[in-house]
Amino acid sequence: MFSQFVLMCVYLTHTCVSAHSLPPDKVVPFHIIKTRSIDLNNAYGLAMESRLDKVVEPTGYRLELEPYLEDGVFKGHVRINVTWLQESDEITVHSAHEIEITNSEVKAHIPADSKDLQKIGVKRMSPDPKKPIVMLRLEKPVPAGSTGRLEFSFNGNLETGTTEAFFKTTYTTEQEVERMVAATQLRPNNARRMFPCFDEPGYKTPFELSVVRPRTMVALSNTPVARSEDITGEPNAVWDHFERTPPMSTFTLGLVIADLKQLGNSTIYKDDTGNEIELRVWGRPEFLQALEGVNEKLSRVFEEIATFWQVPLPLRRLDIVALPNYQGVKPADNWGLIVFKESDLSSRGYLQLAQELSYQWLGAFTTPAWWSDAHVNKALVGYLAAEIAFKINNGSEMEGKWPMTVLYSLYYEFSKRYPHSRITGMKQETACTKIELLFRMFNYTLGGDTFKRGLRKFIEDKRFKTFTGEDIWCSLSSAAVNDSKIPKEVSVKTIATSWIDKDRLPLISVKRNHDSNTAVLTQKVYLRERPHDVPDAARMLWWAPIVIARSDKLDFNDVAPIAWMKDRELKIPNMPGKDSFIIVNPEEIAPFPVNYEEENWNLLSAYLQSDKRVLIPELTRAKLLHDAWNLAYAGELSFATAFNMTLFLRQERHHLVWDPVFTMIDHIGRHICQCIHEKFQAYVRILLSPLYEELIKDVREDEENWRKNLRGLTKTFLCQAGYKPCIQEAQEQYSKWMQAKNPDEGNPISNQYICPVFKWGSQKEWEFGLQRVINFPPSRKQSERTYLLKTLAGCPVDEYKINRLLNITVLEGNGNFTETDIFLIFSMLTGGSQGYTTLFNFLSNNWDVLKEKFASKTNLWDNLITSATSQFTTQAGLDLVSNLYVAHQGEFGSAEHIIEKSMRNIREEAKWSAENLPVIEKWLDGYLAGSDVKDDQFIKN
């Protein structure tokens, strides 16, 4: 089980100490460090949980740990105070299979009022072969109500493959000296991999921890060290005994043993609510310079969170550690001890620090009762962290885009016929994101003060306890009713559940009646992908807050709902006259798009083209644009109206408003047929040119990230549209590679220049790129070759280039290309009409050869049929695929169902195209005819 142990010699306090290293049960302990390289590969996943029988419950832990860092092993002893909840002669505890329990004892006060502990014999200790559980069978039953303790002595291995559980890792100093680190990451259920325990979040008890550390290293845990104690016979090791912790769950227990130094001085945070806590930042000595400013960030963020909660943490100290070579997906947010990757803690942003500090209250102080409630915890922490980051620096690290980025992703995912593609992990993430947006919705609709009051009451009630999502909703509901923010018959839980229990979002449509100055709102499932016949769509309803901004009384600060919509239809009185527009759900208060009649859209479009445009906040301007384009794509709105909503962009310069534009340009550009593609590209050129020309006038080293990114995106899309200065710059850079003596040794140019050259450049330039893939040396990073191959296939619009690539890789079977390469080529060719049309013709013209070549490679054959037939969107495309199906009926083999599905989907898309492409072309013709922008700066297809 243990690795081979060898003689070693290391320097500790400039003294060379030699020791024969053996497992802890074989020698007198000698706690020194042996350097060793470790390849870390973090694999983080929540295993299926097994609940323990409720026979006893823990009331306190006394844990002693002796890690032998040189050997990667540890031994320990734990005493668990318990109370019997029911009479039983069996006890179960969590203990991972890799933990070796060398001794176990059970003692109890029998009868319950006895002062003396009676030893209860253990007949048998039985590990469960399938679960991380150990059962103790006692010689006699212990009565309910008895108190006592369980004691275990145990051995274990420090984790070296990942930075989970009780782990060991190494790093190299600037002096080329390897050093070791030991630490814990017990979330979510890894305490059982360190010691026998009741490893469930609901068991919240105090811990008393003692640990042996090398004298030259620092040991940190949840609480300060109460006392340190020398070890007889071990001059280089010390026992650290930590203060007793407040009641807490096992996964918040934390420990770090490393060569650390504190950054600057401690900060004492003290406030009127009762907080008095010492804040400290730690790192390896040579890394402290990179952490400059973290003390100030920590103080600022902690103050914001403490002010929000108004409930003091029962901690005297909080340590923040930048741990070398920590590879966790997220920081180890132990109570009073947070362990970060060095790169995360040294970053300039506030968001992640705000998240981890929030967990000190929401996660450690009060804890989700079970893993099923963890997503509510994560969602609330995520929402509060984003709010704090915005308050401190306007969310600069997110470029101000929260919640747009996650919200638009949610709209896209939940409007599919099959959300999440049935991927469980993605489903959990989107569920968490949705709840995060619900907290934002309640902050708006209940009001910030009521929202805070409800959450403070919640955490006050649940301190040192566990909670469920229902506890949060009930606290918010109580505060809302008390402050008259919702009717008494309405509950926040009912509202929240209507959103949480569906993997869908609503579309609310508004129909105004100007004769009666009313508006009728209707709700239905929002769907983009066709066909729209998803199961149960007709029965789905949401509780939606109706907030309305109106141009006759334009006020975006009034976010109180005028109604909560719970039924299919809702009538709103007292609407403005026909010359005034309305905006429902401004600022994306709730996660739903809104559709209007054409007259209201036209009023909005005209207003946005005026100088008053800035009176509508940028997030709402972005929403109007995003909703219009997506509703048009979904078949809910005329594309003429959607394109009219982009006219104001000629004057728009705010990056948040432009953010959804690029996605939609890409999406529509891929979807429309080649027949109007040139007109659409001309529209894109006219749309983006003024923005780009303005962005390149003032280029600074210290400019904001949003400005750099907006310039980069604009340039990329203009390059795709044939912008000559961009193409020329790319070709000039590319020529450096072509002129290199040894071009296969490496690519001397930025990736941004490759696609424009392959799309608009010469055949010679493209052939040069092809040879670089063919001759790619194995010593270079394969990711560079993959990128080059993707651009070779995905960027050209020249049919000859695409056919040349297919002939070499598929027909000729060039040995430099693998099956994975062919999969990649097929996939890249689905990105545009020229690509998949050329691939279809290649399949049709070479049917017999390809059928024989892929006879034993059904995965490749199926992928070819999918890529070549599934992307057409017009009747002409449907005719092509149908004719192929008829010509080779019965020959498709494993791909028979694929081409049948392709034809069904194309039939739906062809209907869409028949309805929308004439509208798009007519609008584009009118727009281009009325445009006075010179288009001589562009290469035409």
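Please read these numbers as outputs of a predicted model, since none were measured by experiment.

A separate point is the overall build of the protein chain. Summing up its helical and strand segments, the protein chain has 26 helices and 33 strands in all. For 941 residues, the compact-globule estimate of 2.2 N^0.38 gives 30 Å, and the protein chain sits close to it at 33 Å. In terms of principal-axis extent, the alpha carbons of the protein chain reach across some 95 × 75 × 60 Å. Relative to its full complement of 941 residues, the protein chain shows a buried share of 55%. Put simply, 71% of the contacts in the protein chain that link residues at least 6 apart link residues at least 24 apart. Carbon and sulfur atoms make up 47% of the accessible area of the protein chain, which amounts to about 39,900 Å² in all. Computed over 109 positive and 121 negative side-chain charges, the inter-centroid distance for the protein chain is 1 Å.

Moving on to the environment of tryptophan 629. With respect to the helices, strands and loops of the structure, tryptophan 629 is situated in helix H11 (residues 618-633). Judged by its relative accessible area of 4%, tryptophan 629 falls in the buried class. Non-local contacts of tryptophan 629, meaning those with residues more than four positions away in its chain, are made with Ala642, Thr646, Met664, Ile665, Ile668 and Tyr683.

With that settled, the discussion passes to the pattern of salt bridges. Once their charged atoms are close, side chains differing in charge can pair, the charge on each being opposite to the other. Evaluated as defined, the whole model comprises 59 salt bridges. Here glutamate 588 and lysine 623 are joined by a salt bridge, their closest N and O atoms 3.1 Å apart. Taken as a pair, glutamate 588 in the loop between strand S32 (582-584) and strand S33 (594-595) and lysine 623 in helix H11 lie far apart in primary sequence, 35 residues in all. With respect to burial, glutamate 588 and lysine 623 carry one shared label: buried. Within this structure, Glu98, Glu159, Glu164 and Arg193 form a network of salt bridges that share partners.

Further remarks concern the sheet that holds strand S5 (residues 88-94). With antiparallel pairing, three strands are arranged side by side in an open sheet as S5-S9-S8. In the strand order of this sheet, the two ends are held by S5 and strand S8 (122-127), each with one partner. When the angles between neighbouring strand axes are averaged without regard to direction, this sheet yields 20°. Looking at chain direction, S8 and strand S9 (residues 133-142) are connected through five bridges and run antiparallel. Along S9, the bridge assignment pairs methionine 125 with leucine 136.

Hydrogen bonds between backbone groups are what pair the strands of a sheet, and the pairing can be parallel or antiparallel. In spatial order, the strands read S11-S12-S17-S14; together these four strands make up an open sheet with antiparallel pairing. Because the sheet does not close on itself, it has two edges, and the strands there are strand S11 (165-172) and strand S14 (218-221). On average, each strand axis in the sheet is inclined to that of its neighbour by 15°, with strand direction left out of account. As paired elements, S11 and strand S12 (residues 178-185) share eight bridges and run antiparallel to each other. Its bridge partner lying in S12, threonine 170 is registered against methionine 180.

Considering the arrangement of structural elements, one finds lysine 759 in helix H17 (residues 754-760). Every residue in contact with lysine 759, bar those within four places of it in the chain, is listed here: Gln681, Gln720, Cys795, Pro796, Val797 and Lys801.

What follows deals with the packing of aromatic side chains. Counted by the stated rule, this structure contains 47 aromatic pairs. Between tyrosine 269 and phenylalanine 302, the ring centres sit 5.2 Å apart and the planes meet at 70°, which makes this aromatic pair edge-to-face. Pair noted here: tyrosine 269 is in strand S19 (residues 267-270) and phenylalanine 302 is in helix H1 (residues 294-309), with a separation of 33 residues, a long-range link. One exposure class covers both tyrosine 269 and phenylalanine 302, and it is buried. Ring geometry for phenylalanine 643 versus tryptophan 923: centroids 4.7 Å apart, planes at 25°, classification stacked. With phenylalanine 643 in helix H12 (residues 639-644) and tryptophan 923 in helix H26 (residues 896-929), this residue pair connects regions lying 280 residues apart in the sequence. With a relative accessible area of 2%, phenylalanine 643 lands in the buried category. Taken together, the aromatic side chains of Trp629, Tyr633, Phe639, Phe643, Phe680, Tyr683, Trp912, Trp923 and Tyr927 make up a single cluster linked through ring pairs.

Analysis parameters
Residues numbered from 1 in each chain as written. Predicted model: local features only at pLDDT ≥ 70, side-chain atom pairs only at ≥ 80, totals over all residues. Heavy atoms only, no water. Helix = DSSP H or I, 4+ residues; strand = E, 2+ residues; numbered from the N terminus. Rg over C-alpha atoms; globule rule 2.2 N^0.38 Å. Buried < 20%, exposed > 50% of the residue type's maximum accessible area, 1.4 Å probe, protein only. Contact = heavy atoms within 4.5 Å. Areas by Shrake-Rupley, 256 points an atom, 1.4 Å probe, with all protein chains shown as cover. Lys, Arg positive; Asp, Glu negative; His and termini not counted. Charge placed at Lys NZ, Arg CZ, Asp CG, Glu CD. Salt bridge = Lys/Arg side-chain N within 4 Å of Asp/Glu carboxyl O. Pairing = 2+ DSSP bridges. Axes fitted to C-alpha atoms, helices over the stretch in contact; angles between N-to-C directions. Phe/Tyr/Trp six-rings, centres within 6.5 Å; stacked < 30°, edge-to-face > 60°.

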